[in-house]
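Take a look at the letters that make up each chain.
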Amino acid sequence: MAKTYDYLFKLLLIGDSGVGKTCVLFRFSDDSFNNSFISTIGIDFKIRTIELDGKKIKLQIWDTAGQERFRTITTAYYRGAMGIILVYDITNERSFENIKNWIRNIEEHAASDVERMIIGNKCDIEERREVSRDRGEQLAIEYGTKFLETSAKANLNIDEAFFTLARDIKSKMEQNEMRAGGSVSNTGRVNVGGSGTQKKSFFSNWSCNLL
Amino acid sequence: MSSSTNSQPSALMQPSKSPTESRSSVVKVETNESTYICKICQTVVILKNMTTEYLDEERDLPLPRQKKGIDHTQTEPIRGFFGVKDMFAFENVGFTRSSEGKRYLVCGECEQGPVGFVDPVTEMNYVSPERLDVLPDVAAAAVEAGK
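Every value quoted in this text rests on a predicted model; they were computed, and no experiment measured them. (Residues numbered from 1 in each chain as written. Chains lettered and ligands numbered in written order. Predicted model: local features only at pLDDT ≥ 70, side-chain atom pairs only at ≥ 80, totals over all residues. Heavy atoms only, no water.)

Let us look at the overall build of chain B. Along chain B, the regular secondary structure elements total 1 helix and 10 strands. Each helix (α) and strand (β) of chain B, taken in turn from the N terminus, gives the series β-β-β-β-β-β-β-β-β-β-α. Buried positions account for 49% of the 147 residues belonging to chain B. Just so you have it, chain B exposes about 7300 Å², and 53% of that area is on carbon and sulfur atoms. (Helix = DSSP H or I, 4+ residues; strand = E, 2+ residues; numbered from the N terminus. Buried < 20%, exposed > 50% of the residue type's maximum accessible area, 1.4 Å probe, protein only. Areas by Shrake-Rupley, 256 points an atom, 1.4 Å probe, with all protein chains shown as cover.)

So this is what it looks like as structure tokens:
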């Protein structure tokens, strides 16, 4: 059968246990569904299809399945990953501090040009917030990634997060293709620690009118 | 009907041993002529003409809702599944972790299901039209146009 899509991106969710990675990807994991068969056995990965600029993109999205508890996230998990969503919980300071460790883990085990994004997830009520939005933004600037605050429970910004990451991977691939023509001088690699270039696209607020 | 073996617990547990022989009577080369959507959230699970075979056999699928306080998985027999090997043939689908050696398919958006299963031997992905709705023609035309 002919290929029915233009791009296939493998995306990973990374972060401490309990930050809501699972509810970013798996929204029915909360208590009200605990008698459903699916929430009992859990979901390994999802395939989602989106459209960007007329291109059909298949996203294969993986959760760590709790492996992070045992620090066993290594090269095998990262293999083939083109995008990584780093998740912390805004009501959990420690999960925010650990983002730096996760980035180190990525640098050690993932492909050097993997696209990254930081998400501050609100698993709980706003009053329990420990990490300000500003600190999240600053961290993202420091690592040259995009940043979003999400609420998996309210389904706020979740789709935007996946769209944004997919869009970044796609433009990088197109840039790489263009570079064959020699017009693009940038290396296209993720510039760790180098902030400047990505600032402009921060919260560009493009609305996803494609969904 | 399902094979005549006496192991009742789950027809799913029987590996489909010889693809050429035992499957030939129940597997037809046939694609899905409708686009199938989730019964709950209406998200497209698979577009029409994406599957490659039809499994005309009864298999047990777990009930989406399980009664509390029961120590086994409640299932119901379902007959007829569209099969496709390539997982990327799906628009929106989730793959569960393994439960008793079985992996299941769910809606990629709202996760209701199972809407199908993965054959552990052949790794074919089978979806049940019974656990999904058909996208009405008008809507299907709109989806096509939006491609």
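Quick look at the interface of chain A and chain B now. The interface of chain A with chain B comprises 30 residues on the first partner and 35 residues on the second. Inspection of the region where chain A meets chain B yields 5 salt bridges. Where Lys58(A) meets Glu91(B), a salt bridge forms, and the shortest distance between an N and an O atom there is 3.2 Å. Taken together, chain A and chain B are joined by 17 residue pairs in polar contact (both at pLDDT 80 or more). The set of elements that each furnish at least two residues to the side of chain A that touches chain B consists of helix 2 (37-41), strand 2 (43-52) and strand 3 (55-62) of chain A. Considering every element that reaches the side of chain A that touches chain B, the biggest residue donor is strand 2 of chain A, with 8 residues. (Contact = heavy atoms within 4.5 Å. Salt bridge = Lys/Arg side-chain N within 4 Å of Asp/Glu carboxyl O. Polar contact = N/O pair within 3.5 Å; in protein donor to acceptor, adjacent residues only side chain to side chain.)

Residues and elements named next belong to chain A. Every buried residue of helix 6 (residues 133-143) is accounted for by Gly136, Glu137, Leu139, Ala140 and Tyr143. Considered in projection along helix 6, the buried side chains sweep an arc of 160° and stay on one side of the axis. Buried residues along helix 6 sit in contact with strand 4 (83-89), helix 4 (93-97), helix 5 (99-109), strand 5 (115-121) and strand 6 (146-150). The first or second residue beyond helix 6 is Gly144, which carries a positive phi of 65°. (Arc of directions from axis to C-beta.)

A full pass over the atoms with the stated rule returns 11 aromatic pairs over all chains. On the numbers, 4.7 Å between centres and 15° between planes, the contact of Phe45(A) with Phe95(B) is stacked. Residue Phe45(A) is located in strand 2, and its partner Phe95(B) is located in strand 6 (residues 93-96); the two belong to separate chains. In terms of burial, Phe45(A) and Phe95(B) fall into one category: buried. Taking the centre distance of 5.1 Å and the plane angle of 85° together, the rings of Phe81(B) and Phe117(B) count as edge-to-face. Linking Phe81(B) in strand 5 (residues 75-84) with Phe117(B) in strand 8 (residues 116-118), this pair joins segments that are 36 residues apart in sequence. Overall, Phe81(B) belongs to the buried group, its relative accessible area being 0%. What links up through ring pairs into an aromatic cluster is the set Phe45(A), Trp62(A) and Phe95(B). (Phe/Tyr/Trp six-rings, centres within 6.5 Å; stacked < 30°, edge-to-face > 60°.)

All names here are of chain A. Counted residue by residue, strand 3 has 6 buried out of 8 residues, so it is predominantly covered. Direction of pairing for strand 1 (residues 7-15) relative to strand 3: parallel, over a ladder of 6 bridges. Note on strand 3: the bridge partner recorded for Phe9 is Leu59. In this sheet, strand 3 lies alongside strand 2 in antiparallel orientation, the contact comprising 8 bridges. Considered in strand 3, the bridge of Glu51 is made with Lys56. (Pairing = 2+ DSSP bridges.)

Next up on the list: the confidence of the model for chain A. Predicted coordinates in regions of low pLDDT should not be interpreted in detail. All names here are of chain A. Residues of chain A with pLDDT of at least 70 account for 68%, and the chain-wide mean is 76. By mean pLDDT, helix 1 (residues 21-25) is the weakest element of chain A at 57, and helix 6 is the strongest at 96. Every residue in residues 28-34 is under pLDDT 50, and counting partners more than four places away or in other chains gives 13 contacts. A low-confidence stretch, residues 183-211 (pLDDT under 50), is modelled with 53 contacts involving residues beyond four sequence positions or located in other chains. (pLDDT = per-residue confidence, 0-100.)

Residues and elements named next belong to chain A. Among all positions in helix 5, only Ile99, Trp102, Ile103, Asn105 and Ile106 are buried. Around the axis of helix 5, the buried residues are gathered within 155° of arc, so they sit on the same side. Structural note: helix 5 exposes Arg104 and Glu108 on the side pointing more than 90 degrees away from its buried face. Next to the buried residues of helix 5 lie strand 1, helix 3 (75-78), strand 4, helix 4, strand 5 and helix 6.

The next point concerns the nonpolar core. Core analysis: the biggest nonpolar cluster contains 25 residues, and Phe90(B), Phe95(B) and Leu105(B) have the highest contact counts within it. The set of elements that each furnish at least two residues to this core consists of strand 2 of chain A together with strand 2 (36-38), strand 3 (44-46), strand 5 and strand 6 of chain B. A total of 3 residues in this core trace back to one element, the largest contributor, which is strand 3 of chain B. Residues within four places of Leu105(B) in sequence aside, it is in contact with Phe90(B), Val93(B), Gly94(B), Phe95(B), Pro114(B), Val115(B), Gly116(B), Phe117(B), Val118(B), Asn125(B), Tyr126(B) and Val127(B). (Core = buried A, V, L, I, M, F, W, Y, C linked by side-chain atoms within 4.5 Å.)

So, on to the pattern of salt bridges. By the definition in use, this model includes 23 salt bridges over all chains. In this structure, Glu107(A) engages Arg116(A) in a salt bridge whose closest nitrogen and oxygen atoms are separated by 3.8 Å. Overall, Glu107(A) belongs to the partly exposed group, its relative accessible area being 43%. For Arg59(B), the salt bridge is made with Glu57(B), and the minimal N-O distance between the two is 3.0 Å. The same class applies to Arg59(B) and to Glu57(B), which are both buried.

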